[in-house]
Amino acid sequence: MTNVSEQDVRDGWSDQEVADAVRDNPVWYHTMQLRPGIVTDGWFDLTTIISRLPWPEVRGKRCLDIGTYDGQLAFELERRGASEVIATDVASHEDWDWPPAVRAGGVEYLRQIAGVKGHGFDVAARALGSSVRKREISVYDLSPATVGTFDVVVCGSLMLHLRDPLRALEAIRGVCEGMFMSCEQIDVALTAVHRRLPLTNMSGIHNVQWHVPNLAGHRALVRAAGFRIERVIRPYSIPFGTSHPPVHASARARALCRLVTKGWGVPHSALLARPA
């Protein structure tokens, strides 16, 4: 695989070249339409819920998408009229917050199934003719000195993968001068039983999913990092995409998910906040 340069994006790509590149990318995280009739075979399908998220006004504003992976939220910011969009993510699979016991095996597994980190973003950006600029930087290292400041910041499905989500949110607070849209996975069992008490399910011993809070926990984390919440939406589920591995969930787990989110998939909470 080769990286896609800005010159490649400007030069354009035929539909057949796009289709070939989409097919050749080993794993797509996001389900996205890149051209008429050309849709990525993603693990997660945001297409039915992306319009329901609590988007702030982004037209003419400088925007940041954190933990972009294939770039769907970054490209949506651009589609909505942002004047500039920066998309950040870690540079390689080694840079995830791996638990020590699974680091070596986890990195090798992702190398085998996903290939080069960030290749999907490069393919999608070129296919869309996008002007979104990608920066390889950890959320922990965001600061006005490294990336500047932004009118709008969005972050989706990242906190569960971090050892220290509060530290990450404080770094986000440091570069956000306007609105912050936070969309994170939640634990539906904790949400159903504890509606007001902020709690989190810590499961980072055997995988790279460290913290999954309940609905109250997600909101408490954002407030603790120095934000004031201005808008929330009801919990929702991100449907599994066509390429996602089979999900073995009990009837109780599925019922709880539907009870809390009115759907089946990965349960999420989304909110809009600004620096307090």
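Preceding this section is the structure that the text describes.
Here the structure is a predicted model, which is why all the values come from computation and not from measurement.

J.: Explain the pairing of strand 9 (residues 176-185) here, please?
T.: As a general feature of sheets, a regular strand has side chains that alternate between the two faces. Most of strand 9 sits out of view: 9 of its 10 residues are buried. Here 6 bridges tie strand 8 (residues 150-156) to strand 9, and the two strands are oriented parallel to one another. Each residue of the ladder has a partner; that of Cys155, found in strand 9, is Ser182. Relative to strand 14 (residues 266-275), strand 9 runs antiparallel, the two sharing 6 bridges. When the bridges of strand 14 are listed, Gln185 appears paired with His268.

J.: Explanation requested: unusual backbone geometry in the structure shown.
T.: Most peptide bonds take the trans form, and the phi angle of most residues other than glycine is negative. In this structure, Ser157 is a non-glycine residue whose phi angle is positive, near 55°. Relative to the helices and strands, Ser157 resides in the loop between strand 8 and helix 7 (165-175). Unusually for a residue other than glycine, Lys262 sits at a positive phi of about 65°. Tracing the backbone shows Lys262 in the loop between helix 10 (251-261) and strand 14.

J.: What is the right way to look at helix 2 (residues 15-24) in this model?
T.: For an α-helix, the turn length of 3.6 residues means that residues three or four places apart are oriented alike. If you check which residues of helix 2 are buried, you get Val18, Ala21 and Val22. End-on, the buried residues of helix 2 take up no more than an arc of 100°, which puts them together on one face. Across from the buried face of helix 2, at angles greater than 90 degrees, the exposed residues are Gln16 and Arg23. Residues of helix 2 that are buried in the fold lie against strand 1 (28-30), strand 2 (33-35), strand 3 (38-39) and helix 5 (119-128).

Analysis parameters
What you see as residue numbers is a count from 1 along each chain, following the sequence as written. In keeping with the model being predicted, local features are shown solely for residues with a pLDDT of at least 70 and side-chain atom pairs are shown and tallied solely at 80 or more, while totals for entire chains, interfaces and linings include all residues. Side-chain figures throughout are based on the complete set of non-hydrogen atoms in the structure, without hydrogens or water. Here the term buried applies to any residue with accessible area under 20% of the maximum for its type, exposed to any over 50%, and partly exposed to those in between, with areas from a 1.4 Å probe on protein chains only. Counting from the N terminus, the helices are DSSP H or I runs at least four residues long and the strands are E runs at least two residues long. Two strands pair under a simple rule: DSSP has to find at least two bridges between them. An arc is given here, and it is the one of the directions from the helix axis to the C-beta atoms. Between two residues, a contact is recorded if the distance between any of their heavy atoms is within 4.5 Å.

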